[in-house]
Amino acid sequence: MSDTLSRLQTALADRYDVDFPLIADMGANAVRLYAPVLTKAMLDKAWAEGLFVIPTFEVESKNLECPEGKAYLQDRFADVVSRWKDHPAILFWLVGNEFNTLLTSNDDYCHADTGWYPQLNALAGAAKAEDPSHPVG
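Conventions and cut-offs
Residues numbered from 1 in each chain as written. Predicted model: local features only at pLDDT ≥ 70, side-chain atom pairs only at ≥ 80, totals over all residues. Heavy atoms only, no water. Helix = DSSP H or I, 4+ residues; strand = E, 2+ residues; numbered from the N terminus. Polar contact = N/O pair within 3.5 Å; in protein donor to acceptor, adjacent residues only side chain to side chain. Expected span 1.5 Å × (residues − 1). Contact = heavy atoms within 4.5 Å. Core = buried A, V, L, I, M, F, W, Y, C linked by side-chain atoms within 4.5 Å. Buried < 20%, exposed > 50% of the residue type's maximum accessible area, 1.4 Å probe, protein only.

1. What about the side chain of Thr 56?
Step number 1: Inspection of the secondary structure puts Thr 56 in strand S2 (residues 52-57).
Step number 2: There is a polar contact of 3.0 Å between the side chain of Thr 56 and the side chain of Arg 32.
Step number 3: From its side chain, Thr 56 meets the backbone oxygen of Leu 33 in a polar contact 2.7 Å long.

Quick look at the structure:
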């Protein structure tokens, strides 16, 4: 784990200890994470507060430019899913955040080799291969 990610997770410990009870008290039952900051302590705290967690897997467009980058993303996502799939707080897996706003042509969306949607499908397939029990969005 990188030193930066470790510091971020440590700093977030204080936030989820404060935020999760407040979120639960307002009647919410799920939180979406926009950053890959899953820890057992954070998931345990969410579950203890009656909250489900929706982790977002970040996709960097540079990794979609070559077969090696695409394979790297699929492997990395499969690793994240494999590591956390059995925690009861996981509600479902989410790939990217408004990635389609970066696209400018129909080829960017659908081209079999370079389009976003075929790659999204491959990422979802990688997650489902590791965890057939949770949906992928």
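2. Some remarks on helix H3 (residues 67-84)
Step number 1: Helix length check: H3, at 18 residues, gives a terminal C-alpha distance of 26 Å against a target of 26 Å (1.5 Å per residue), a fit within 8%.
Step number 2: Buried residues in H3 make contact with helix H2 (40-48), S2, strand S3 (94-95) and helix H5 (116-130).

3. Considerations on the nonpolar core
Step number 1: Counting residues in hydrophobic clusters, the biggest one holds 26 residues, and the most contacted among them are Leu 43, Val 53, Val 59 and Phe 77.
Step number 2: Among the secondary structure elements, those contributing two or more residues to this core are helix H1 (3-25), strand S1 (30-33), H2, S2, H3 and H5.
Step number 3: The element that contributes the greatest number of residues to this core is H3, accounting for 4 residues.
Step number 4: Setting aside anything within four residues of it in sequence, one finds Leu 43 in contact with Leu 38, Val 53, Trp 84, His 87, Ala 89 and Ile 90.

Everything listed here is a matter of coordinates, which is why it stays silent on function.
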